[in-house]
Amino acid sequence: MALFRNKYIFLWSSVLTVAGFAVMQVLGSTPGLVAVMLVFAAVIVLATVNDMAIPVLLFFLPWSPLMKLRPGTTSVYTLAIIAVLLMLLLKNVKRFSIGHVFPAALLFALTVVVKTVTDASMDASFILFFSCMLLFPLAANERGKSYDFYMLVVFFAVGIITSAISAQQLVIFPTISRYIVVIEYNQLTRLSGYYGDPNFYAAHITAAIAGCVVLFLNEIGIKKKIVLGVLFALLVYCGLLSVSKSFALVFVCILLLWVIEILFKKGRLSSKLPMILALAVGGLYILSSIVLTDLLDMMIDRFAGAGNISDFTTKRSELWVSYLRVFEKEPLVLLFGKGYTNNLINGRGSHNVLIQSVYQFGLVGSAFLLGWLLQYLR
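Report follows, based on the coordinates. Residue indices begin from 1 for each chain and proceed along its sequence in written order. Given that this is a predicted model, residues contribute local features only at a pLDDT of at least 70 and side-chain atom pairs are listed and counted only at 80 or more, while totals for whole chains, interfaces and linings are drawn from all residues. The basis for every side-chain value is the complete set of heavy atoms in the structure, and neither hydrogens nor water enter the calculation.

Any carboxyl oxygen of Asp or Glu within 4 Å of a side-chain nitrogen of Lys or Arg constitutes a salt bridge here. For the structure on display, the rule yields one salt bridge. Here Lys91 and Asp51 are joined by a salt bridge, their closest N and O atoms 2.7 Å apart. Of this pair, Lys91 sits in helix H4 (residues 76-91) while Asp51 sits in the loop between helix H2 (30-49) and helix H3 (53-60), placing them 40 residues apart in sequence. The helix count covers DSSP runs of H or I at least four residues long, the strand count covers runs of E at least two residues long, and both are numbered beginning at the N terminus.

This is the structure in structure tokens:
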């Protein structure tokens, strides 16, 4: 195991593995995909044994829609999550904290009762969800052993960047374009890597950007700052590819919070202003580059075309109202939810975490979910 003392060996092996997935999807080779899946399984097992499961899973997350034999089938990434959870259970069975089990069990019992009453079925996503609630907190036992927050951010950011740029370049091949959704309307072109939803894709990117920004606030070496700066710039580019208003709004909020945090940190103001000015000048230079000009123009057009709250939220406000009306008409749904089903209003999710939580679990189940989250954070 001496080879795995250098934890970045997992980063390079992960890069080579996803390159194999991309090549085999372009070639349309089923045997080749099976071979790459076996390599992926080996990487996951070795990562879990060496307390590197979470960084590796974060790297592969943006690639997960591509990691299957054909469209519409289960991603091998989903199976890997279950395998990792079971291995973590075996590794940490003596350190298994049961604090989070109680709210998870209560939520599970509630949803089973609701499903029984409404005659709803239990699908694979239901089982995976509660498996993660029960076992995923075991991943906290890796903390501080083989990686730090910087390594987590690097793995996640590299996974996002490689998937986004490869999807942008490989979309011309019919065999792999089946996994790539290109949304075009009103002279806009929106890309989302291998995810069909630009906002889901943008959520990954803003999370990685936030990680970079948090690390910039800490005392880290110049080499790490350079790496984070490069990753930050590439993540912004990948985010702009989505032409997502939510990406732009969250990105601006992250930067504002970063500036506020700098101003309130200990130290003289004269030493903080150069850092803020350097960020502003560097940001303006990047955003004014030829590569990003068209993307910025499309982003501005999306905001400029919003004449009312419905346009600004891309009709999400209407979705929210539809869900709130269901709560008003069906008090039992408000209290106990739908039992974690895919029975959505007009076939669309609410695009709001709080509303969706209440719709699926009710106020009672959402309280159990919050209890689980607080226990997990402990």
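Another point: the nonpolar core. Throughout this description, the term nonpolar core refers to a set of buried Ala, Val, Leu, Ile, Met, Phe, Trp, Tyr and Cys residues connected via side-chain atoms within 4.5 Å. Each residue is assigned to one of three classes by its accessible area relative to the maximum for its type, calculated with a 1.4 Å probe on protein chains only: buried under 20%, partly exposed between the two thresholds, exposed over 50%. Ranked by size, the top nonpolar core spans 84 residues in total, and within it Phe40, Phe60, Tyr194, Ile209 and Leu235 carry the most contacts. Considering every element that reaches this core, the biggest residue donor is helix H7 (residues 149-170), with 14 residues. The criterion used for residue contact is that any of the two residues' heavy atoms lie within 4.5 Å. Setting aside its immediate chain neighbours within four residues, Leu235 contacts Ala157, Ile160, Ile161, Ile205, Ala208, Ile209 and Cys212. Membership of the second largest hydrophobic core comes to eight residues, among which are Tyr323, Val333, Ile345 and Ile355.

On to the packing of aromatic side chains. For any two aromatic rings, the description comes down to two numbers: the centre-to-centre distance and the angle of the planes. In this scheme Phe, Tyr and Trp rings, the latter by its six-membered ring, pair at centre separations within 6.5 Å, and the angle between planes marks the pair as stacked below 30 degrees, edge-to-face above 60, and tilted otherwise. Going through the model one piece at a time under the given rule, you end up with 19 aromatic pairs. On the basis of an interplanar angle of 35 degrees and a centroid distance of 5.9 Å, the ring pair of Phe108 and Phe126 is categorised as tilted. On the criterion of sequence distance, the pair formed by Phe108 in helix H5 (residues 101-118) and Phe126 in helix H6 (residues 124-135) is long-range, its members being 18 residues apart. Phe108 sits in the partly exposed class, given a relative accessible area of 37%. With a relative accessible area of 1%, Phe126 lands in the buried category. Between Trp372 and Tyr376 the ring centres are 5.4 Å apart and the planes differ by 5 degrees, which places this aromatic pair in the stacked class. Here Trp372 pairs with Tyr376, and both are found in helix H17 (residues 353-377), just four residues apart, close to one helical turn. For Trp372, a relative accessible area of 12% gives the class buried. Aromatic ring contacts, followed pair by pair, group Phe108, Phe126, Phe129, Phe130, Tyr340 and Phe361 into a single cluster. It is Lys115 that lies over the ring of Phe126; its NZ or CZ is 4.8 Å from the centre. Charge over a ring is defined by NZ of Lys or CZ of Arg lying within 6 Å of the ring centre and within 35 degrees of the ring normal. Stacked on the ring of Tyr150, the Lys or Arg Lys224 has its end atom at 4.7 Å from the ring centre.

With that out of the way, let us pick up the packing of helix H15 (residues 316-329) against H17. The interhelical angle for the contact between H15 and H17, taken along N-to-C directions, is 35 degrees, at an axis separation of 11 Å. Considering the relative orientation of H15 and H17, their crossing is left-handed. Here H15 contributes Trp320, Tyr323, Val326 and Phe327 to the contact with H17, which in turn contributes Ile355, Gln356, Val358 and Tyr359. Here the residues of the contact of H15 with H17 sort into seven nonpolar, one polar and no charged. Structural elements are reduced to axes, namely lines fitted to C-alpha atoms, with helices fitted over the stretch in contact, and the angle between N-to-C directions of any two is expressed from 0 to 180 degrees. For any pair of crossing helices, the crossing counts as left-handed if the nearer helix is rotated counterclockwise from the farther one by less than a right angle, and right-handed if it is rotated clockwise. Nonpolar residues are Ala, Val, Leu, Ile, Met, Phe, Trp, Tyr, Cys and Pro. Charged residues are Asp, Glu, Lys and Arg, and all others, Gly as well, are polar.

With that out of the way, let us pick up the side chain of Asn50. Mapped onto the elements, Asn50 comes out in the loop between H2 and H3. N or O atoms within 3.5 Å of each other form a polar contact, as long as, within protein, one can give a hydrogen and the other can take it, and as long as residues adjacent in sequence are counted only when both atoms are side-chain atoms. Here Leu46 takes part through its backbone oxygen, which lies 2.7 Å from a polar atom of the side chain of Asn50.

Turning next to the side chain of Ser350. Along the chain, Ser350 falls in the loop between helix H16 (331-336) and H17. Classification of Ser350 as buried rests on a relative accessible area of 0%. Within the structure, the side chain of Ser350 is placed 2.7 Å from the side chain of Gln356, a separation counted as a polar contact. Non-local contacts of Ser350, meaning those with residues more than four positions away in its chain, are made with Leu319, Trp320, Tyr323, Ile355 and Gln356.

Pairing geometry for strand S1 (residues 182-185) and strand S2 (residues 188-191), over four bridges, is antiparallel. When the sheet's bridge partners are listed, Val182 is paired in S2 with Leu191. Strands are treated as partners if at least two bridges between them are detected by DSSP. Hairpin connection, S1 to S2: the antiparallel pair is bridged by two residues, and Asn186 has positive phi, about 50 degrees.

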